[in-house]
Amino acid sequence: MSTVKTEDGHFHHAHHFNSLSHQYDSAKQGVWLFMVTEILMFGGLFVAYLIYKSIYAPIFHVGSSYLDVKMGSINTVVLITSSFTMALGIYFNQKNKPKQAVIALALTIVCAGIFMVIKYFEYTHIIHRGLVPGKFFNNPEFQQKVVDFISNMPIENLTPTLSDTAHMKKIAPLYFGFYFVMTGLHGLHVMIGAGLILWVLIKTANGKFGAEYYTPVEGVGLFWHIVDLIWIYLFPLLYLVG
Amino acid sequence: MELAIQYSLYIISCVCIFVPLFGFGIAPPTVIGTALSVFAGNAYSLIAQQGILKNFIKDKKDSGASGGLIPILEETQKLIDGIENPGTAMKAESHSHGHDHAEGSHHIIPIPVYVGVLVVLLIGTAITVEVAQFDFGAMNTVIAMLVATVKASFVLAFFMHLKYDNMLNRVIFGSGFFFLMLLIAFSVADIFTRVPVLKAF
Amino acid sequence: MSQVQSTTQTTTGHDNYLNHEKGLWSWLSTVDHKRIAIMYLISILTFFLVGGIFALLVRGALFNAKPEDKFWSYITPDVYNQFMSYHGIIMVFMVIVPGIPAVFGNFLLPVMLGAKDVAFPRLNLASYYVYLAGAALAVGTLFVGKIDTGWTFYTPYSIKTSTSVVMAVLAAFTMGMASILTGLNFIVTTHKLRAPGQTMNKIPLFVWAIYATSIIQILATPVLGITLLLISAERLLGVGIFDPNLGGDPVLFQHFFWFYSHPAVYIMILPAMGIISELISTFSRKTIFGYTAIAYSSLAIAAVSFLVWGHHMFVSGQSEFAGVLFSIITMLVGVPTAIKLFNWISTMYKGSVRLDAPMLYAIGFLFLFTIGGLTGVWLASTGMDVHFHDTYFVVAHFHYVMVGGVLMAFTGGIFFWFPKMFGKMTSDTLGRISWVFVFTGFNVTFFPQFILGAMGMPRRYFEYHPAYEPLNQISTVGSWLIGFGFLVALVAIIQGLVAGEKAGANPWGSKTLEWQTSSPPPHDNFPITPTVTAGPYEYR
């Protein structure tokens, strides 16, 4: 690390910066720029999702009924709480209280763990029902439900694509393609975030941070909040608005 | 003075070029809007960060002028100082003096505020789930996204500190969102004018 | 007045970044932006050589129209598709997109700003290794299953083909990651590490160009990232997002792909324009005309470049409404570019022009980029594009801007900044000879391609109608001239490294900050941090 607590208890900034404050601001700006890239990356997925939802609305409507809203809500609460504990982790570092900071960061990791466990159960539940994209798809009941839903729609709302029931049956698994890619990529980010928080936790426990220097905690915190942010959008889109 | 000439000449030439093209209605406003916002941003940064307004006021006062516009200009300068540095007095983006002054970015948010935001977010989640029980037709997605955006702004403002951060970080984040909207807008412009799209069940 | 109030200058035998530490490991583990730039230079030149060999193979294969006459029987239509794909992939992702920002941006940005290093030096080194990892993956596909989709990876073929598409898109993803990290570094450096007294209105135009480029890199590359990940998901899981059989829309792939790839071409050209600003100003010994206009036009190009991607898709099946929209906006993106061109020409007017090798390259840029840019406007017109799309007209257009534009600027930049980077002068004669061959060869290669395209010859075709053969043969001979020209440039560089005469701090008499420190610069760039009091181009 470029800034290390020395014996005299002071932090030193890297030589190309003017001061610790200068370094802190620059580091923060760098992390924000990286967060913009994360938003655009997930944003691309959201764009594709919104477009296909408009074209194939019945598939997305029936598909979202196969997701467990309760599990999703719990996950949302878990992530929001983890965001809170992460903010606390930064707060305690700002106040030179490493012990409380370690507890807060540990709680954040615990929340991330709970999220992944619930996600695991959701996934196995869905996969066991054969609702996977591609050639392993095996749930004719889902396909039939889509067709039934379409046939119950008022005829003036039907588009030519939707009227082609054979085609709609074939492409029904598209919804779960989106589900797995979007939640999978998000879950990957949760795991990466948990790893980063662990790294920062260890450094906090070793006394590497203090009120003058807590930049890595703040940076990891920003990343974790973005992960939470993405889930705040993902949850209603996938689970609720069907 | 030369700045005013520079800016007004550019704007006049933009308008003169684009008035004939106004029939199309989309691109010229975009380009003009971009140009104007770039100029506005530059003007703002010149005032806020390079202190041209401050220097102008100082020059006027040094040469003995008083009254008239000066109080108004001073108020504007104070306002901009307030925007740039909530809670601190001076700001200089250039490092010409090298001294370390406290910046707004070190502002520490007290725990009760965090708890309050947490409560708001949890209530927001409950609202999200509750609102989803009702069917607003084509507005379903829009309403869900609006609620999500409100929750997101709380996370951004408080947990991610943006409310107390400097303007540039907010601009950086906002630009990410803006360009995402561009991607959505233009892709939708193609898809929705080509593929039959369902508006309601 | 130079930009700096006072600085100490030493030139010979001093401690500089090249001899600051010795040994291979000190290079591989360096966080000095100048050394990282040199490492990038070596890698990029190597990949340029490989991509160039593929180009020569492609042009060689196109010398004859009929398959039985081709010069090498190993080249079947499938093999030809592979050669042209690799030429594209290597040149786009491994040479031109990283090119100028990675080499000159890394070396010069901190020095031009009066800083000691970029904002995040270790991230800089990491970017380099990420880039190498991506390049290794890309080269690896040569052994696992050669790509034949073209560098654009269009669906549905890229989903169905049995070649190693997943590995190739992951390679591009990785290199995109390096691009993002570099852009991030440069933006924070420009915002935060300027020397005292250096406002945004006093930074050199090259820095403005790199700044605008970095903004594009941050905003556009992630969308490419997700697109490539989706291709992988499509191939591995059968998600069905781009496959019509599974409900997908192949045109959506093109939307996502070109949302990055069009701004990408501006990532390629903006730094080149930055170099040209520096070259023209220095070799005309005159203040650049319209500094503010050029600076803001860089930002304008960056912004508008995000609004025009559909002009690659006029005949792909997108709606007419979208077509008209993109066509109009594309015509507008020529305006800031033209502003720059007029300003450069105005800079030369009544200046004291010296036609050294770098200036020849800069003037060559003006000529070739104008042709490339104007033909771009023709392609922006939907009606004309219906005829020109996927013909050699498009190929000629983008080679004019990418080779005639970016590569001319790159080579000019190498000759210009060589003394600064290595402390030695290159032979000006060799530089001029290389220019003659590159410039002439380039026009001989690519001008006939405009005519071929207008005559209707499709691109990416291995076997073509014999009526097109004479022009193709001229084009191939031109490619040999270009190859020879770049070979001479390489000889000039090597000769300069080995036996070049020692260079002073400012052999060209330029006014920007990098020339106010010794050649090569010391480890920390400046003996004392400079204070900037004047603009960067004040020659009088």
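Residues numbered from 1 in each chain as written. Chains lettered and ligands numbered in written order. Predicted model: local features only at pLDDT ≥ 70, side-chain atom pairs only at ≥ 80, totals over all residues.

1. Here we look at the overall build of chain B
The helix and strand tally for chain B stands at seven helices and zero strands. When the helices and strands of chain B are placed in sequence order, the string is α-α-α-α-α-α-α. When burial is assessed residue by residue, chain B has 18% of its 201 residues classed as buried. (Helix = DSSP H or I, 4+ residues; strand = E, 2+ residues; numbered from the N terminus. Buried ≥ 20, exposed ≤ 12 C-beta atoms within 10 Å, placed from the backbone.)

2. Some words on the overall build of chain C
The helix and strand tally for chain C stands at 15 helices and zero strands. Rg of the C-alpha trace for chain C: 23 Å, near the compact-globule value of 24 Å for 540 residues, within the 12% margin. Its C-alpha atoms give chain C principal-axis dimensions of roughly 70 × 45 × 45 Å. Taking all 540 residues of chain C together, 61% fall into the buried category. (Rg over C-alpha atoms; globule rule 2.2 N^0.38 Å.)

3. Comments concerning helix α8 (residues 174-205) of chain A
Here α8(A) spans 46 Å end to end across 32 residues, near enough to the 46 Å set by a 1.5 Å rise per residue. With its phi angle positive at about 75°, A:Gly207 sits one or two positions after the end of α8(A). (Expected span 1.5 Å × (residues − 1).)

4. So, unusual backbone geometry
A cis amide bond links C:Thr155 with the next residue in sequence, C:Pro156, at an omega value of -10°. Its identity as a non-glycine residue notwithstanding, A:Asn96 has a phi of 60°, on the positive side. Structurally, the position occupied by A:Asn96 is in the loop between α3 (69-94) and α4 (98-128).

5. Topic: the environment of C:Gly453
Residue and element names in this part refer to chain C. By the secondary structure assignment, Gly-453 is in helix α14 (residues 428-455). Looking at Gly-453, the number of C-beta atoms within 10 Å reads 24, which means it is buried. Separated by 58 residues in sequence, Gly-453 and Val-395 place their C-alpha atoms 8.3 Å apart.

6. Section: the interface of chain B and chain A
Each partner contributes residues to the interface: chain B has 44 residues there, and chain A has 46 residues. Looking at which element gives the most residues to the side of chain B that touches chain A, the answer is helix α7 (residues 167-191) of chain B, with 14 residues. Residues belonging to the side of chain B that touches chain A are distributed by class as follows: 30 nonpolar, 11 polar and three charged. (Contact = placed C-beta atoms within 7 Å. Nonpolar A, V, L, I, M, F, W, Y, C, P; charged D, E, K, R; others polar.)

7. A short note on the packing of helix α13 (residues 392-422) of chain C against α14(C)
Residue and element names in this part refer to chain C. Here α13 crosses α14 at 170°, and the two axes come no closer than 8 Å. Overall, the two elements α13 and α14 adopt an arrangement that is roughly antiparallel. Touching Tyr-392, Phe-393, Val-394, Val-395, Ala-396, His-399, Tyr-400, Val-403, Gly-404 and Phe-415 of α13 are Gly-431, Phe-442, Phe-446, Gln-449, Phe-450, Leu-452, Gly-453 and Ala-454, all from α14. When its residues are assigned to classes, the contact of α13 with α14 shows 13 nonpolar, five polar and no charged. (Axes fitted to C-alpha atoms, helices over the stretch in contact; angles between N-to-C directions. Parallel < 35°, antiparallel > 145°, perpendicular 65-115°, else oblique.)

8. Some thoughts on the nonpolar core
All names here are of chain C. Among the nonpolar cores identified, the biggest contains 296 residues, and Ala-212, Met-268 and Ile-276 are the most heavily contacted of them. Sorting elements by how many residues they give to this core places helix α3 (residues 77-113) first, with 23 residues. Apart from the residues lying within four places of it in its own chain, the contact partners of Ile-276 are Trp-344, Ala-362, Phe-365 and Ala-409. (Core = buried A, V, L, I, M, F, W, Y, C linked by C-beta atoms within 7 Å.)

9. Side note on the packing of α8(A) against helix α9 (residues 215-240) of chain A
Residues and elements named next belong to chain A. Look at α8 against α9: their axes get within 10 Å of each other, and the N-to-C directions meet at 155°. When the interaxial angle is binned, α8 and α9 end up roughly antiparallel. Both α8 and α9 take part in a crossing whose hand is left-handed. Residues Tyr-179, Met-182, Thr-183, His-186, His-189, Val-190, Gly-193, Leu-196, Ile-197, Val-200, Lys-203 and Thr-204 of α8 form the contact with α9, whose own contacting residues are Pro-216, Val-217, Val-220, Phe-223, Trp-224, Val-227, Ile-230, Trp-231, Leu-234 and Leu-238. (Left-handed = near helix turned anticlockwise from the far one by under 90°.)

10. Observations regarding the confidence of the model for chain B
Residues and elements named next belong to chain B. Per-residue pLDDT for chain B has a mean of 73; in total, 63% of the residues score no lower than 70. Per-element confidence in chain B ranges from a low mean pLDDT of 64 for helix α1 (residues 2-18) to a high of 92 for helix α5 (residues 111-131). Contacts for the low-pLDDT stretch residues 87-105, under 50 throughout, to residues beyond four places or in other chains number 34 contacts. (pLDDT = per-residue confidence, 0-100.)

11. Focus on α3(C)
All names here are of chain C. With 37 residues, α3 ought to run about 54 Å at 1.5 Å a step, and its terminal C-alpha atoms sit 51 Å apart, in line with that. In α3, a bend of some 60° at Gly-99 exceeds every other bend along the element, and Pro-101, a proline, comes one to four places later. Across the 37 residues that make up α3, a large majority, 34, are buried. Downstream of α3 by one or two residues, Gly-114 has phi in the positive range, about 80°. (Bend = angle between axes of the 7 residues up to and from the residue.)

12. Description of the environment of C:Ile276
Mapped onto the fold, C:Ile276 is located in helix α8 (residues 250-284). C-alpha of C:Ile276 to C-alpha of C:Ile75: the two residues are 201 residues apart in sequence and 39 Å apart in space.

13. Describing the environment of C:Leu125
Residue and element names in this part refer to chain C. Considering the arrangement of structural elements, one finds Leu-125 in helix α4 (residues 121-144). Remark: the alpha-carbon pair of Leu-125 and Tyr-260, spanning 135 residues in sequence, is separated by 25 Å. Apart from residues lying up to four places away in sequence, Leu-125 is in contact with Thr-30, Val-31 and Ile-36.

14. What to know about the confidence of the model for chain C
Averaged over all residues, the pLDDT of chain C is 91; the fraction at 70 or higher stands at 97%. The model gives residues 5-12 of chain C a pLDDT under 50, and that stretch makes 17 contacts with residues more than four places away or in other chains.

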